[in-house]
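Chain by chain, the residues run as shown.
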Amino acid sequence: VFEGRQLTYRELNQRANRLAHYLQSMGVGPEALVGIAVERSIEMVVGLYGILKAGGAYLPIDPAYPSERIAYMLENAQAPILLTQANLLDKLPPHKAQVICLDAEWDNLIAGQSMETPECKATPENLAYTIYTSGSTGTPKGVMNAHHGILNRLLWMQEAYQLDAADCILQKTPFSFDVSVWEFFWPLMFGARLVVARPEGHKDNDYLVQIIIEKKITTIHFVPSMLRLFLEAKDVEKCNSLRQVI
């Protein structure tokens, strides 16, 4: 669910499959890094799943980052393909990657691809993502993680916290931080509902209270400093659907 849009599991799967087939036709497979510079949206979720279904690995690029940082990441990572949205094209610095707009170019490039699950040749040892550090102590560094590490984490979380179809998870962490990984993938592994917060929504406590109440969110993540601020928000006591705060 994102704002007024929603996808069933079947619809998400079919859209991700179509994107995966298109990416494979462009040479994406194991160890191939695909940049994704999009705002929080349905397209973000489809993009991440499509890259992984193609067998590739994703490089999340926050479009709110300074132009110099984005340029450095693209140059340093050498990702040959960049998924983005039409409204962000003018904000991206010069780069060498081939650009695909997940919104404006969907009908022309991707919609005609097969809805069937593509053959994925990635193994548990292959790269799943590269997330760059903040660079607060020097130059940002790309931190790589393989599928088996993520899978181990997600299966442990399920064993410890038990999601099911009655659960609803709010995805609010910027996807350039590793907490976002379990927010995107854990709920959809076990039949839960994934609600994606609006861009910059994670900074607005009144909005968070509103969406928790409206969508009956059961599971959410906060860093301690943000949780302290959230607990001071108006009507926070009405967030009675929450059963676990991580």
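Right above here is the structure, for reference.
Residues numbered from 1 in each chain as written. Predicted model: local features only at pLDDT ≥ 70, side-chain atom pairs only at ≥ 80, totals over all residues. Heavy atoms only, no water.

A. Molecular detail of the packing of helix 2 (residues 42–53) against helix 6 (residues 179–189). Two numbers describe how helix 2 lies on helix 6: the axes approach to 11 Å, and their chain directions differ by 75°. On the basis of the axis angle, helix 2 is roughly perpendicular to helix 6. Packed against helix 2, whose contacting residues are M44, V45, L48, Y49 and L52, the element helix 6 presents F184, F185 and L188 at the interface. Across the contact of helix 2 with helix 6, the residue classes break down as eight nonpolar, no polar and no charged. (Axes fitted to C-alpha atoms, helices over the stretch in contact; angles between N-to-C directions. Helix = DSSP H or I, 4+ residues; strand = E, 2+ residues; numbered from the N terminus. Parallel < 35°, antiparallel > 145°, perpendicular 65-115°, else oblique. Contact = heavy atoms within 4.5 Å. Nonpolar A, V, L, I, M, F, W, Y, C, P; charged D, E, K, R; others polar.)

B. Up close: helix 7 (residues 205–215). Among all positions in helix 7, only N205, Y207, L208, V209, I211, I212 and K215 are buried. Buried residues in helix 7 make contact with strand 7 (168–171), strand 8 (193–196), strand 9 (219–220) and helix 8 (224–230). In this structure D204 caps helix 7, since a side-chain oxygen of it lies 3.1 Å from the backbone nitrogen of D206. Of the residues flanking the end of helix 7, it is K216, one or two places downstream, whose phi is positive at about 55°. (Buried < 20%, exposed > 50% of the residue type's maximum accessible area, 1.4 Å probe, protein only. Polar contact = N/O pair within 3.5 Å; in protein donor to acceptor, adjacent residues only side chain to side chain.)

C. Here's a closer look at the pattern of salt bridges. Within this structure, the stated rule accounts for six salt bridges. With a shortest N-O distance of 2.7 Å, E200 and K203 are connected by a salt bridge. What makes E200 partly exposed here is its relative accessible area of 41%. We note a salt bridge from E214 to K215, for which the minimum N-O separation is 3.6 Å. Judged by its relative accessible area of 49%, E214 falls in the partly exposed class. (Salt bridge = Lys/Arg side-chain N within 4 Å of Asp/Glu carboxyl O.)

That is the geometry; function is a separate question.
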